[in-house]
Amino acid sequence: MSETLILTKRWPKKDPSLVGYRADGGYAGLEKSLGMEPVAIVEQVKASNLRGRGGAGFPTGLKWTFLPKDVRPRYLCINADESEPGTFKDRYICEYDPHMLLEGIAITCFALDIHLAYIYIRGEFAKQARALEKAIEEAVAAGIFGGPKLLGKADFPLEVHVVRGAGAYICGEESALMESVEGKKGYPRFKPPFPAIIGLWGKPTIINNVETLANVPWIVEHGAAAFAALGAGKTGGTRLFGVSGNVKRPGVYEKPAGYNLKKLIMEDCGGTASGRPVKAVIPGGSSSPVLRGDEIDISLEPDAIKSAGTMSGSGGVIVMDESVCMVRALARIAMFYAEESCGQCTPCRQGTPWMWKILEKIERGEGTMKDLALIEQLPGNIMGQTICALGDAAAMPVQSFVKKFRQEFVEHIEGRGCKHGETAWGVSRQAREALVGGNRH
Amino acid sequence: MSHHDHSTADRGPQEIAELPKDKVARFDAALPEILRRVPPDHKEAAMLAALRRAQEIFGWLSPAAQKLAADRLGASATRAEEVATFYVMYHTRPVGRHVVEVCTNVSCSLAGGFDLFEDLKGKLALENGGTTADGRITLRQVECLGSCGTAPVMLVDEEMHEGLTPQSVTQILGGLK
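Residues numbered from 1 in each chain as written. Chains lettered and ligands numbered in written order. Predicted model: local features only at pLDDT ≥ 70, side-chain atom pairs only at ≥ 80, totals over all residues. Heavy atoms only, no water.

Asker: Looking at this structure, I do not really get the overall build of chain A. What am I missing?
Answerer: Of regular secondary structure, chain A possesses 18 helices and 12 strands. Here chain A has a C-alpha radius of gyration of 22 Å; the compact-globule value for 441 residues is 22 Å, and the two agree. With the C-alpha coordinates of chain A rotated into their principal frame, the extents come out at 75 × 50 × 35 Å. Excluding contacts between residues fewer than 6 apart, the proportion of contacts in chain A whose partners are at least 24 apart in sequence is 72%. Carbon and sulfur atoms provide 54% of the accessible area of chain A, an area that totals close to 15500 Å². (Helix = DSSP H or I, 4+ residues; strand = E, 2+ residues; numbered from the N terminus. Rg over C-alpha atoms; globule rule 2.2 N^0.38 Å. Contact = heavy atoms within 4.5 Å. Areas by Shrake-Rupley, 256 points an atom, 1.4 Å probe, with all protein chains shown as cover.)

Asker: How should the side chain of A:Glu84 be read in this particular structure?
Answerer: Among the secondary structure elements, A:Glu84 is positioned in the loop between strand S1 (75-80) and helix H5 (90-96). Here A:Ser286 takes part through its backbone nitrogen, which lies 3.0 Å from a polar atom of the side chain of A:Glu84. (Polar contact = N/O pair within 3.5 Å; in protein donor to acceptor, adjacent residues only side chain to side chain.)

Asker: Explanation requested: the domain arrangement of chain B in the structure shown.
Answerer: How big an interface is tends to be expressed through the accessible area that disappears when the partners come together. On domain assignment, one finds that chain B holds domain 1 (8-86) and domain 2 (98-174). Using only C-alpha atoms to locate each centre, domain 1 of chain B and domain 2 of chain B end up separated by 28 Å. (Domains from an automatic or database assignment.)

Asker: Mind showing me how you'd approach the domain arrangement of chain A here?
Answerer: Residues and elements named next belong to chain A. As assigned here, chain A comprises domain 1 (18-230), domain 2 (238-323) and domain 3 (326-423). The C-alpha-based centres of domain 1 and domain 2 are spaced at 27 Å. Between domain 1 and domain 2, the contact holds 14 residues from the first and 22 residues from the second. Across the domain 1/domain 2 interface, buried area totals approximately 1400 Å², and carbon plus sulfur atoms make up 54% of it. Its largest share of buried area at the contact with domain 2, domain 1 owes to Arg51, Glu84 and Phe88, together 32% of the area lost on that side. Seen at the junction of domain 1 and domain 2, the total is two salt bridges. A salt bridge links glutamate 301 to arginine 51; the nearest nitrogen and oxygen atoms lie 3.6 Å apart. Applying the counting criterion to the domain 1 and domain 2 interface returns seven residue pairs in polar contact (both at pLDDT 80 or more). When grouped by side-chain class, the residues that make up the side of domain 1 that touches domain 2 number five nonpolar, four polar and five charged. (Buried area = accessible area lost by both parts, 1.4 Å probe. Salt bridge = Lys/Arg side-chain N within 4 Å of Asp/Glu carboxyl O. Nonpolar A, V, L, I, M, F, W, Y, C, P; charged D, E, K, R; others polar.)

Asker: Mind showing me how you'd approach a nonpolar patch on the surface here?
Answerer: Nonpolar side chains collect at one region of the surface, where A:Phe58, A:Leu62, A:Phe66, A:Phe194, A:Ile197 and A:Ile198 lie side by side and expose about 520 Å² of accessible area between them. Relative to the assigned elements, A:Ile198 resides in the loop between helix H8 (174-181) and strand S6 (205-209). (Patch = residues over 30% accessible without salt bridge, like charges linked within 9 Å, V, L, I, M, F, W, Y side chains within 5 Å.)

Asker: Quick question: what am I supposed to make of the nonpolar core here?
Answerer: A general trend in soluble globular proteins is that nonpolar side chains are found buried together. If you look at the biggest cluster of nonpolar residues, it comprises 90 residues, and the most contacted ones within it are A:Ile170, A:Met320, A:Phe401, A:Phe409 and B:Tyr87. Here this core gets nine residues from one element, more than from any other, and that element is helix H14 (residues 326-340) of chain A. With 75 residues, the next largest nonpolar core counts A:Leu30, A:Leu34, A:Phe227 and B:Cys108 among its residues. (Core = buried A, V, L, I, M, F, W, Y, C linked by side-chain atoms within 4.5 Å. Buried < 20%, exposed > 50% of the residue type's maximum accessible area, 1.4 Å probe, protein only.)

Asker: What is the right way to look at the packing of aromatic side chains in this model?
Answerer: Here the distance between the centres and the angle between the planes together describe a pair of aromatic rings. Summed over all chains, the structure comprises 16 aromatic pairs over all chains. Summarising the aromatic geometry, the rings of A:Tyr118 and A:Trp201 are spaced 6.2 Å apart at their centres and angled 70° between planes, so their arrangement reads as edge-to-face. Separated by 83 residues along the polypeptide, A:Tyr118 in strand S2 (residues 116-121) and A:Trp201 in the loop between H8 and S6 bring together distant segments of the chain. Look at B:Tyr87 and B:Tyr90: their rings are 6.0 Å apart centre to centre, the planes differ by 85°, and that puts the pair in the edge-to-face class. This pair shows no difference in class: B:Tyr87 is buried, exactly as B:Tyr90 is. Every member of this aromatic cluster is reached through a ring pair, and the members are A:Tyr187, B:Phe86, B:Tyr87 and B:Tyr90. (Phe/Tyr/Trp six-rings, centres within 6.5 Å; stacked < 30°, edge-to-face > 60°.)

Asker: Mind showing me how you'd approach the sheet that holds S6(A) here?
Answerer: By way of backbone hydrogen bonds, the strands of a sheet pair with one another, either parallel or antiparallel. Residues and elements named next belong to chain A. Spatially, S5-S2-S1-S6 is the arrangement adopted by the four strands of the open sheet, whose pairing is parallel. Each end of this open sheet is capped by a strand with a single partner; those strands are strand S5 (159-164) and S6. Pairwise comparison of adjacent strand axes, ignoring direction, gives a mean angle of 20° for this sheet. Relative to S2, S1 is paired through five bridges, and the arrangement is parallel. Bridge pairing links asparagine 79 to tyrosine 120 in S2. On top of the sheet, helix H7 (residues 126-141) reaches S2 and S5; it is set at about 165° to S5, its chief contact. (Pairing = 2+ DSSP bridges. Axes fitted to C-alpha atoms, helices over the stretch in contact; angles between N-to-C directions.)

Asker: Help me out: how do you make sense of the packing of H14(A) against helix H18 (residues 406-414) of chain A in this one?
Answerer: If you want to describe how two helices pack, look at the angle between their axes and the distance between the axes. Residues and elements named next belong to chain A. The interhelical angle for the contact between H14 and H18, taken along N-to-C directions, is 100°, at an axis separation of 9 Å. Taken as axis vectors, H14 and H18 run roughly perpendicular relative to one another. Along the contact surface, H14 presents Met326, Val327 and Leu330, while H18 presents Glu408, Phe409 and His412. When the residues that make up the contact of H14 with H18 are grouped by side-chain class, the tally is four nonpolar, one polar and one charged. (Parallel < 35°, antiparallel > 145°, perpendicular 65-115°, else oblique.)

Asker: Would you mind showing me how to read the packing of helix H1 (residues 21-35) of chain B against helix H3 (residues 63-73) of chain B here?
Answerer: Residues and elements named next belong to chain B. Between H1 and H3, whose axes approach to 11 Å, the crossing angle comes to 45°. By the angle between their directions, the pair H1 and H3 is classed as oblique. Handedness of the crossing formed by H1 with H3: right-handed. Two secondary-structure elements touch here, H1 through Val24, Phe27, Asp28, Leu31 and Leu35 and H3 through Leu68, Ala69, Arg72 and Leu73. (Left-handed = near helix turned anticlockwise from the far one by under 90°.)

Asker: Honestly, the interface of chain A and chain B in this entry has me stumped. Any pointers?
Answerer: With 63 residues of chain A in contact, the opposing surface of chain B contributes 49 residues. Linking B:Glu143 and A:Arg332 is a salt bridge whose minimum nitrogen-to-oxygen distance equals 3.0 Å. Summed over the shared surface of chain A and chain B, the result is 19 residue pairs in polar contact (both at pLDDT 80 or more). Where the side of chain A that touches chain B is concerned, the elements lending two or more residues are H5, S2, H7, S5, H8, strand S7 (238-245), strand S11 (316-321) and H14 of chain A. Ranked by the residues each element gives to the side of chain A that touches chain B, the list is headed by H14(A), at seven residues. Residue composition of the side of chain A that touches chain B, grouped by class: 31 nonpolar, 16 polar and 16 charged.

Pasting the structure below:
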C-alpha cells in the first residue's frame, strides 16, 4: 500500500538547496497562490482541516481569520522551538527541506498581508538554524522573496529572519515566544488578548508551528479536499510522529492523521527492541497523559484520542518496555517541569519542584503513604491556576502515572526502595540509528 | 530556568571599560549583522543575539559583557541581566574552554543518557555544572535537546552529537583541547 507523503517525501537524502527543491517542483504552490485572491487561500486552508502541529491542534485557517481587518503591520512568527520532551520532527524539516517551510511562510504571508516573519528556533538547534539561514539567503538571492516582489511577479516586500533562542522550554509557548523575539526573558502573557489581536510589539501576530506551515504549499497545490481526505475526522493531512524510547526502529514517521498508535509502535517501529511487552506509552510529548501497554490500540487523531483520556499533542511518542521503573520515569519528567517553570506564577514555581522532590523521595525508598496522597492532590492545585499551560503540562503526567501505575508507587513505599535498583531506566539501553525517512514498507 | 548563584570570587569585570579593547571592537563590528534582523525602532529585540555574540567573544557573560550588550542596544543593564540569567545557554559565571551538555531526559535515559552522564561525572571527577581543574571542560546535564530518535545525545560547544556510545563519547572528549 502506498501512502501519500507530503512532508518527508524528500527526506533525508535529496538535495535540500533551492536548486534541488525547485527541480522537484518546489515553489509551484507559491506560484499558484500569486494568481489567487488572498482570501481564497485562507478559505483553502480552512477547508483543508489543517490543524496546528505544535501540540494544541487548533484549526490553522480559523486562527488566521482572527486577525483584525484594519490593523497594520501584522507579523508572522514560526515556532521552531521544539522543546517538548519526545518531540523531534520540526528539526528535520529545517534540515532536510527548509525551502518547503519557506514556501509555506511566503504563501501564508501573502494570504494574510504580512511583510515580516520571524522563525524562532531553539538555541540548541545550531545546525538547523544554519540550514534555514542558508535557505533564506538562496531564496532572497533568487528573488523569491526579500525584494520588492514575490517570485519577481507580485508587488509584495517580505522579510524572513531566523531568531535563535537560548535554552528555555517556555519559549515554545506562543506568548513567551513573542517576548523572546522582542529580546526579553520568556514570561508568558495573559490571554486574552490573543496574539492575533495583540501580539509582537502590540501588533496582530499569527504564530504557527513549522510542520503546520510546511503543509501549506501542498494544500494550495493539490487542493483542500485532497488534504482533508488524507486525515480523519476534523484533522486533515498526514502528521509527523516521532517515536523514541524502547523501540526497535525509532524515528520520524509520516502517517495519516488518524493512524493507529499500536500499529505505529508494533509494526512500523518493529515493537520493542528487547522483545519485552510494552509497559507504557507517552503518546504526544511528555505532558500528555501516559497510556498503559494495553491501552494503545487507538487512533492518534486529536479528537479520537481524547476519548482515551490523553492527547497526541506534538506527535512525540515515547515507548517504555516492562523493564522500566515508572516512578523513575515520572520523577525525571517532574524534574523537567521544575527546571523549566519560568517562575512567574506561584502554583507552578512552587508546585513543580515540590512534586519532583516527593517523587524522588518515593523512588529512593523514603516515601510514605502520606507522600503518595500528597502527590495525588498536588497536580490539581496547579492545573488551571497559572497564566500559561506549563502548569497543566506538569500536572497531567503526574496524575496519569500515579493513577495508572499506582501499585508501583505503593511498592516503592512498602518495599522502601526501587526493586529495579541500578536498572530503573530499563535494561535495553542502547543507541540505535533512527529512521528519518517518513515511512518504510 | 537555571537560577545562577553569584559567588563574589568570580564576578569578573564589572564595567565596560574593564573589558579588553580588541574584543569590544570585535563585538562592535558584529553589531550591524545582528541589528539588520530587527526593526530599527526595536533595537533591544536583538538582546538574545547580542548576548550570544558577547559570550562567544568574551567566553562568558560577566556583568561588564552584559552591560556592553545593553549599552549598544540602548537598553538598561538590568534588562540584559534579566535575559542573561533566564536562558540556560548563557553563562553568567566562567566556564571551561569546552562546555559538554548531556541530555538526561526520558528518551535519552531510556537509551543510556543517564548512565552516560554519571559515567562522565566519574571520569572527569566533576559534579553537575563543574569545570575540570585545568579549565578544559565544563560538564552539565541539560533538558531534552529535540533529538530523541537518535538518543542519547549531547551538545559540545553548542553543536549536537547524536547516537552516542561510550566509545564515541570517549573519542569526542579526547578531541577537546
